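Breakdown of the fold
Residue-level listing of the chains:
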Amino acid sequence: MNDILQKEQLSELVWRYRIDAPRIARKRKAGQFIILRSDEKAERIPLTIANGNAEEGWIEIIFQIVGLGTHRLAQLKEGDTLQDLVGPLGKATHIQNFGRCLCIGGGVGVAPLYPIVTALREAGNDMTTIIGARNRDLLILEEEISAQSNHAYLTTDDGSYGQKGFVSAVAEQLISDGNHYDLAVVIGPAIMMKVTTGVTVGHGIKTYASLNPIMVDGTGMCGGCRVTVHGESKFACVDGPEFDAAGIDWDQLMNRLNSYREFEEKAIKDHDCKLGEVS
Amino acid sequence: MTDVKKKKVIILEKTPMSEQDPEVRSHNFEEVPLGYTEEEAIAEAKRCLQCKKPKCIEHCPVNIKIPEFIALIAEGDFAGAASKVKEDNALPAICGRVCPQEDQCEGVCVLSKKGDPVSVGNLERFVADWERRHDAVVYPEVKPSNGKKVGIVGSGPAGLTVAGELVKEGFDVTIFEALHESGGVLVYGIPEFRLPKEIVKKEINYLEKLGVKIERNFVVGKTATLDELFDEGFDALFVGTGAGLPVFMRIPGENAIGVYSANEYLTRSNLMKAFEEDATTPVIRGKRVVTIGGGNVAMDSARSALRLGAKESIIVYRRSEKEMPARNAEIHHAKEEGVQFHLLCNPLEVLSDEKGFVRGLRNIKMELGEPDDSGRRRPVPIVGSDYEIECDVVIVAIGNKPNPLIQESQPDIQTTRWGTIEADEEDGRTSKKFVYAGGDIVTGAATVILAMGAGKSAAKSIQTDLLGED
């Protein structure tokens, strides 16, 4: 049950797991997520489904080590069984033939973008994609995304690969050059989404962003993942995770993502200390 | 001639149950009441007058044969008493602790006219604990398989009851639970100090030993719909998904860091064990915690806050103490432990600092006006009476709505305008054939025992509908 079938390192901090999960593989749609626990004491970690195969009964998740929870997850090996895996959760992305779509991913946010790009492409859309990361090592899924794109652009913050700079700058350039888009989808770190959707929404493009607030159960029970959209409080787990970017209160989202920063930092420090004692 | 008939001595005062000292217990998560000793239980059982026409049974939502089990305790036959309770209630250790007996069996006890009623709840708890501690659990006979498969959505009190009733009758029973642990509100909601999780685990183990299968991490409506479960071979499905969606105040500042729904605060503490040293799921340990609301969940939250290290724990409630929906015993326990009450006081705004963390709650004082629809006097704000309470955590415990996941994925199930599932109160049948529902998903947020009563009725209907018998 929920064995890790394949484990692959995509960059120094980013891993891809293929997980045996026949039911989720059958039901999942682009935009949905799962929640997992790596071991009996672990926290519940929500991760967007990056890929899946209904016939073969597996899904893929891609995660970056950011805190103790993801650090522990990365310790698992091929053949290990996840303690818990539940899904698919959240509402699926609305897929139809919109015409021309602009899909923008930043950092590990490129992973959840991939199934959406694939689904939009299959629905007959003309696809322009922009993916970016801090540096070349952190850029993931370049080939996969390119294969699904009519026009693909790459950026790195430090210029080590692709265009130097932010994905938002490329978006601004493409739109100013007269390219017309019927829909934009933006996924990445909150600050990147705030800036980038600012560009697309500013040019009047209908834009969706997939949000990653802190959550516990993922079924609407705790309300910890509430975000303000068009002045209304919504639960990202059941009402989202995708929302109309024009109405998202980004500053509140970024504040709330920092709720447990102190705890996280202390947990990592304690963990490193313990490792130090052992060695 | 004098009356020679032997008259039973009536003892008007109940046998008290010892409790952890309030000062000590407000810093730990261990259970507050310590339970009866055998001697105390016998003494209390002997107070029962063994009425010819007892009212207690009919006022118990699952109709436990109360005088009979109490008589067995009085004789010292504790194992027999436990079996007697379990004929009607599969979860006695839980009900003995969290049932509102004062409104049910104890409320109609004949002794309560002149003194204290018989402590039925304490006695129920005693026999269940005695049986567990003495490894004397007796498993009832399970009928041979009847070939019918029943799926139960949610492993809270309603679902567990349906499972317990049907597995004994030879049904193949599977419970689907969304979380990684089963028990529903019994594990995520009610705190350790009121209902130790070890007890819930044991009661669920008991059902598993009888043959009930539990699929955790399975969200019906997402992982599979009801229709898909029928396609997979289930003959009937019971929906007991509870009232798990938290209601917020809709006041400014409510999304500040440190504002929790009671569900989230209690889930982090109870289910994710945020109180343990090596916890991986954090909870903000406020120094001054304000809980909004006057029900049992509000008391649970305010008392948990003290145990998580709060120097001060304050309840803000917009009506007076008389209107509080919480059990008297819970209010009493909260007060003993030092929880402060700001009554007739309604929150207006959550105040936060420049980083978005809670720094206070602005409230307005209220006075009671004319009675409203619920018969309680409606609180009316007193103009110009607003004031601030400094605090770093705010817990919103003003109620829960039904979880909509099933209804959304299965539009052919009729719902009410409150979002609850429409089901017959007597038999649990819904608008969809072979789908039954009971507990908070039908009634809106209520009690454990009412959910169990509904589970019992639904189990009877399922049996009738699938086997064509009563």
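Residues numbered from 1 in each chain as written. Chains lettered and ligands numbered in written order. Predicted model: local features only at pLDDT ≥ 70, side-chain atom pairs only at ≥ 80, totals over all residues. Heavy atoms only, no water.

1. Re the overall build of chain B
Note the threshold: Runs of E in the DSSP output that reach at least two residues are strands. Runs of H or I that reach at least four are helices, and both are numbered from the N terminus. We compute the radius of gyration over the C-alpha atoms and compare it with the globule rule, which gives 2.2 Å times the number of residues raised to the power 0.38. Three exposure classes are used, based on accessible area relative to the maximum for each residue type with a 1.4 Å probe and protein chains only: buried under 20%, partly exposed in between, and exposed over 50%. Contacts are assigned to residue pairs with any non-hydrogen atoms lying within 4.5 Å of each other. Every accessible area reported is derived by Shrake-Rupley at a probe size of 1.4 Å, with residue values counting cover from the shown protein chains alone. Counted charges follow a simple rule, with Lys and Arg positive, Asp and Glu negative, and His plus the chain ends left uncounted. Lysine's charge is taken at NZ, arginine's at CZ, aspartate's at CG and glutamate's at CD.
Check the secondary structure of chain B and you find 16 helices and 16 strands. Here the C-alpha radius of gyration of chain B, 23 Å, is about what a compact globule of 470 residues would show, namely 23 Å. Dimensions of chain B, computed from C-alpha atoms along their principal axes, come out at roughly 75 × 70 × 50 Å. The 470 residues of chain B split such that 57% are buried. Contacts in chain B between residues far apart in sequence, at least 24 positions, make up 68% of those at least 6 positions apart. For chain B, the accessible area works out to roughly 20,300 Å², and carbon and sulfur atoms hold 50% of it. Looking at chain B, you have 60 positive and 75 negative side-chain charges, and the mean spots of the two groups are 3 Å apart.

2. Quick word on the interface of chain A and chain B
The criterion, for reference: When two parts are put together, the accessible area they lose, computed with a 1.4 Å probe and summed over both, is reported as buried area. The salt bridge definition used is simple: a Lys or Arg side-chain nitrogen within 4 Å of an Asp or Glu carboxyl oxygen. A 3.5 Å cut-off defines polar contacts: any pair of N or O atoms within that distance qualifies, except that in protein one atom must be a possible hydrogen donor and the other a possible acceptor, and neighbouring residues in sequence count only when both atoms are side-chain atoms. Polar here means any residue other than Ala, Val, Leu, Ile, Met, Phe, Trp, Tyr, Cys and Pro, which are nonpolar, and Asp, Glu, Lys and Arg, which are charged; Gly is therefore polar.
Between chain A and chain B, the residue contacts involve 39 residues of the former and 43 residues of the latter. Summed over both sides, the interface between chain A and chain B buries roughly 3,400 Å², with carbon and sulfur atoms accounting for 53% of that surface. If you look at where chain A meets chain B, you find three salt bridges. The shortest N-O distance in the salt bridge between Glu232(B) and Arg23(A) comes to 2.7 Å. Taken together, the connections running from chain A to chain B amount to 23 residue pairs in polar contact (both at pLDDT 80 or more). Contributing elements (two or more residues each) for the side of chain A that touches chain B: helix H1 (22-27), strand E6 (84-89), strand E13 (226-229), strand E14 (232-235) and helix H8 (250-257) of chain A. Broken down by element, the residue count for the side of chain A that touches chain B peaks at six residues, all from E6(A). When grouped by side-chain class, the residues that make up the side of chain A that touches chain B number 14 nonpolar, 13 polar and 12 charged.

3. A look at helix H13 (residues 328-336) of chain B
Residue and element names in this part refer to chain B. Stated formally: Think of the arc as the fan of directions from the helix axis to the C-beta atoms.
Restricting attention to buried positions, one finds in H13 the residues Glu 330, Ile 331, His 333 and Ala 334. Projected down its long axis, H13 carries its buried residues within an arc of 160°, all on one side. Against helix H1 (22-25), helix H12 (296-307) and strand E9 (340-342) lie the buried residues of H13. Of the residues trailing H13, Gly 338 is marked for its positive phi of about 100°.

4. Remarks on the domain arrangement of chain B
All names here are of chain B. Put simply, the rule reads: A domain assignment, automatic or from a database, supplies the domain bounds used here.
Domains assigned within chain B are domain 1 (22-133), domain 2 (149-244 + 402-467) and domain 3 (245-400). One C-alpha centre belongs to domain 1, the other to domain 2, and the line joining them spans 26 Å. Listed as interface residues are 23 residues of domain 1 and, on the opposing side, 24 residues of domain 2. Summing both partners gives a buried area of about 2,000 Å² for domain 1 against domain 2, and 73% of it is carried by carbon and sulfur. Along the contact surface separating domain 1 from domain 2 lie one salt bridge. The partner of Lys 456 in a salt bridge is Asp 88, with the nearest N and O atoms 3.7 Å apart. Remark: the boundary between domain 1 and domain 2 carries six residue pairs in polar contact (both at pLDDT 80 or more). Broken down by secondary-structure element, the contributors of at least two residues to the side of domain 1 that touches domain 2 are helix H5 (92-98) and helix H6 (120-133).

5. Observations regarding the packing of aromatic side chains
Residue and element names in this part refer to chain B. Counted only if it meets this: Only rings of Phe, Tyr and Trp enter the pairing, Trp through its six-membered ring, and a pair is recorded when the two centres are within 6.5 Å. The plane angle decides the type: under 30 degrees is stacked, over 60 is edge-to-face, the rest tilted.
Counting across every chain of the model gives 10 aromatic pairs over all chains. Aromatic pair Tyr 139 and Tyr 206: ring centres 5.4 Å apart, planes at 25°, arrangement stacked. Taken together, the residues span a long stretch of sequence, with Tyr 139 in the loop between H6 and strand E1 (149-153) and Tyr 206 in helix H9 (residues 197-210) at a distance of 67 residues. By the ring-pair criterion, three or more aromatic residues cluster together here, those being Phe 29, Phe 193 and Phe 275.

6. Looking at the environment of Ala243(B)
Residue and element names in this part refer to chain B. Among the structural elements, Ala 243 can be located in the loop between strand E4 (236-239) and strand E5 (245-246). Overall, Ala 243 belongs to the buried group, its relative accessible area being 10%. Those residues in contact with Ala 243 that lie beyond four places of it in its chain are Asn 400, Lys 401, Pro 402, Asp 440 and Ala 445.

7. Let's talk about helix H7 (residues 157-168) of chain B
Residue and element names in this part refer to chain B. As a reminder, the rule being used: One fewer than the residue count of a helix, multiplied by 1.5 Å, yields its expected span.
In a regular helix each residue adds 1.5 Å, so 12 residues correspond to 16 Å; H7 covers 17 Å between its end C-alpha atoms and thus fits that length. Of all 12 residues making up H7, 12 are buried, and the element is well covered by its neighbours. By the burial criterion, the buried members of H7 are Pro 157, Ala 158, Gly 159, Leu 160, Thr 161, Val 162, Ala 163, Gly 164, Glu 165, Leu 166, Val 167 and Lys 168. Just beyond H7, the residue with positive phi is Gly 170, at close to 95°.

8. Some words on the pairing of strand E2 (residues 172-176) of chain B
Walk down a regular strand and you will see the side chains alternate between the two sheet faces. Residues and elements named next belong to chain B. Our working definition: By the convention used here, strands pair only if DSSP detects at least 2 bridges between them. A clockwise course of the path from the first strand over the helix to the second, judged with the strands pointing away from the viewer, identifies a crossover as right-handed.
Burial within E2 is extensive, with four of its five residues counted as buried. Where E1 and E2 come together, five bridges link them in parallel fashion. Paired with Ile 152 across the strands is Ile 175, a residue of E2. You can see the chain leave E1, run along H7 and come back into E2, and the turn it takes is right-handed. As defined by bridge partners, E2 adjoins strand E3 (residues 213-215) across three bridges and the pair is classed as parallel. Directly across from Phe 176, in E3, lies its bridge partner Glu 215.

9. Side note on the sheet that holds E4(B)
Residue and element names in this part refer to chain B. Keep this limit in mind: Fitted lines through C-alpha atoms give the axes, limited to the stretch in contact for helices. The angle between two N-to-C directions lies from 0 to 180 degrees.
Judged by pairing direction, the sheet is parallel, and its five strands sit side by side in the order E3-E2-E1-E4-E16 without closing on themselves. Each edge of the open sheet is held by one strand with a lone partner, namely E3 and strand E16 (435-437). Ignoring strand direction, the axes of neighbouring strands in this sheet form an average angle of 20°. Strands E1, E2 and E4 of the sheet are contacted by H7, whose axis makes an angle of about 170° with E2.

10. Here we look at the packing of H7(B) against helix H16 (residues 448-467) of chain B
Residues and elements named next belong to chain B. Selection criterion: Here a crossing is taken to be left-handed if its near helix is turned anticlockwise relative to the far helix by less than a right angle, and right-handed if that turn runs clockwise.
The contact between H7 and H16 brings their axes to 7 Å, and the two run at 40°. Relative to H16, the crossing made by H7 is right-handed. For the pair H7 and H16, contact is made by Pro 157, Ala 158, Thr 161, Val 162, Glu 165 and Leu 166 and by Val 448, Ala 451, Met 452, Gly 455, Lys 456, Ala 459 and Ile 462, respectively. For the contact of H7 with H16, the per-class residue count stands at nine nonpolar, two polar and two charged.

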